[in-house]
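Each chain, letter by letter, is given below.
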Amino acid sequence: MADAGAKASALPVAPFLKLFMKPMAAASRFWSWTSEAAAGLNSRMALEALKEEVTTQLLEEFESRLSQHEAMIAQQKEQLKNDIDKRLAEYNGGVEKFAARWHQLKPAGIPEGHTAAEAAASKMKDWQSEFAELDKGATELSTDCEHFGLPKPEFPALDALREDMTTTAGAWELYNEF
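Here the structure is a predicted model, which means the values were calculated and not measured. (Residues numbered from 1 in each chain as written. Predicted model: local features only at pLDDT ≥ 70, side-chain atom pairs only at ≥ 80, totals over all residues. Heavy atoms only, no water.)

## Considering the overall build of the protein
Next up, step 1: Check the secondary structure of the protein and you find four helices and zero strands.
Next up, step 2: Secondary structure elements of the protein occur, N-terminal to C-terminal, as α-α-α-α.
Next up, step 3: Every one of the 178 residues in the protein was classed for burial, and the buried ones make up 17%.
Next up, step 4: For the protein, the proportion of contacts with a sequence separation of at least 24, taken over those separated by at least 6, is 82%.
Next up, step 5: Accessible surface computed for the protein: about 14000 Å², of which carbon and sulfur atoms make up 60%. (Helix = DSSP H or I, 4+ residues; strand = E, 2+ residues; numbered from the N terminus. Buried < 20%, exposed > 50% of the residue type's maximum accessible area, 1.4 Å probe, protein only. Contact = heavy atoms within 4.5 Å. Areas by Shrake-Rupley, 256 points an atom, 1.4 Å probe, with all protein chains shown as cover.)

## Observations concerning the pattern of salt bridges
Where side chains of opposite charge bring their charged atoms close, a pairing between them can arise.
Next up, step 1: Applying the stated criterion to the full structure yields six salt bridges.
Next up, step 2: Measuring nitrogen to oxygen at the nearest pair gives 3.8 Å for the salt bridge that ties Glu-78 to Lys-81. One end of the pair is Glu-78 and the other is Lys-81, both in helix α2 (residues 15-105) and three residues apart, which spans about a single turn.
Next up, step 3: Taking the relative accessible area as the measure of exposure, Glu-78 reaches 44% and is therefore partly exposed.
Next up, step 4: Asp-135 serves as the salt-bridge partner of Arg-162, at 2.4 Å between the closest nitrogen and oxygen. Residue Arg-162 is located in helix α4 (residues 156-177), and its partner Asp-135 is located in helix α3 (residues 114-147); the two are separated by 27 residues in the primary sequence.
Next up, step 5: Taking relative accessible area as the criterion, Arg-162 reaches 30% and is therefore assigned partly exposed.
Next up, step 6: Under the relative-accessibility criterion, Asp-135 is labelled partly exposed at 26%. (Salt bridge = Lys/Arg side-chain N within 4 Å of Asp/Glu carboxyl O.)

## Things to note about the nonpolar core
Next up, step 1: Core analysis: the biggest nonpolar cluster contains 20 residues, and Tyr-91, Phe-98, Trp-102, Phe-155, Leu-158, Leu-161 and Met-165 have the highest contact counts within it.
Next up, step 2: At the level of elements, α2, α3 and α4 are the ones that each hand at least two residues to this core.
Next up, step 3: Here Phe-155 is in contact with Leu-88, Tyr-91, Asn-92, Ala-138, Leu-141 and Ser-142, once residues within four sequence places are set aside. (Core = buried A, V, L, I, M, F, W, Y, C linked by side-chain atoms within 4.5 Å.)

## What about the side chain of Asp-164?
Next up, step 1: Looking at the secondary structure, you find Asp-164 in helix α4.
Next up, step 2: Judged by its relative accessible area of 18%, Asp-164 falls in the buried class.
Next up, step 3: Beyond its immediate sequence surroundings of up to four residues, Asp-164 is in contact with Trp-102, His-103 and Lys-106.

## Regarding the packing of aromatic side chains
Next up, step 1: Summed over the entire model, instances satisfying the criterion amount to four aromatic pairs.
Next up, step 2: Note on Tyr-91 and Phe-155: the rings are 5.1 Å apart at their centroids and 75 degrees apart in plane angle, and the pair reads as edge-to-face. With Tyr-91 in helix α2 and Phe-155 in the loop between α3 and α4, the pair connects residues that are 64 residues apart, well separated along the chain. Taken individually, Tyr-91 and Phe-155 each receive the classification buried, so the pair is uniform in this respect.
Next up, step 3: A centroid spacing of 5.4 Å and a plane angle of 70 degrees characterise the contact between Phe-98 and Trp-127, whose relative ring orientation is edge-to-face. One end of the pair, Phe-98, is in helix α2; the other, Trp-127, is in helix α3, and 29 residues separate them in sequence. This pair shows no difference in class: Phe-98 is buried, exactly as Trp-127 is. (Phe/Tyr/Trp six-rings, centres within 6.5 Å; stacked < 30°, edge-to-face > 60°.)

## So, the side chain of Ser-142
Next up, step 1: Among the secondary structure elements, Ser-142 is positioned in helix α3.
Next up, step 2: When neighbours within four sequence positions are excluded, Ser-142 is seen to be in contact with Lys-152, Pro-153 and Phe-155.

## Remarks on the environment of Arg-87
Next up, step 1: Considering the arrangement of structural elements, one finds Arg-87 in helix α2.
Next up, step 2: On the basis of relative accessible area, Arg-87 is assigned to the partly exposed category, the value being 34%.
Next up, step 3: In the structure, Arg-87 is positioned 54 residues away from Leu-141 in sequence and 7.9 Å away in space, judged by C-alpha atoms.
Next up, step 4: Discounting chain neighbours no more than four positions away, the residues touching Arg-87 are Leu-141 and Asp-144.
Next up, step 5: One polar contact links Arg-87 to Asp-144, side chain to side chain, over a distance of 2.8 Å. (Polar contact = N/O pair within 3.5 Å; in protein donor to acceptor, adjacent residues only side chain to side chain.)

Now the structure itself:
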């Protein structure tokens, strides 16, 4: 059988057949290329479909995680709002304690002697410093409430204390100048 193939290839080829051989070889190469391209195209289409499926899965996973994150953030915001309510209650308790101490121990009357007046003035500065810290706390709480959309807190006891301390401090300043 191998001998027959060798003998056939050794036979002279008619010249008119040579004219068909070159286009046939070109056509063969063309069909080979187009079949490879079609296979490549099919694999690219399959790859694109796979990419789309993976992208869809990733997007769904992202959306799921995002909704979980948003739920966690909402829960944390509620916890912070509750913490602010607790801080407001503690703060108001602190203001009431300060007011009680202030009304009991605030400098009143005319001190006897210069050293007693200086001691009262020094104590007044301490009271004012402590009140400034309380006032700073009220500002921070108001800012926090505003940030979380809570109603702005009112501190009537703090306002009354501020007025009383301002009046008392003004009287002691006048006394010290005298």
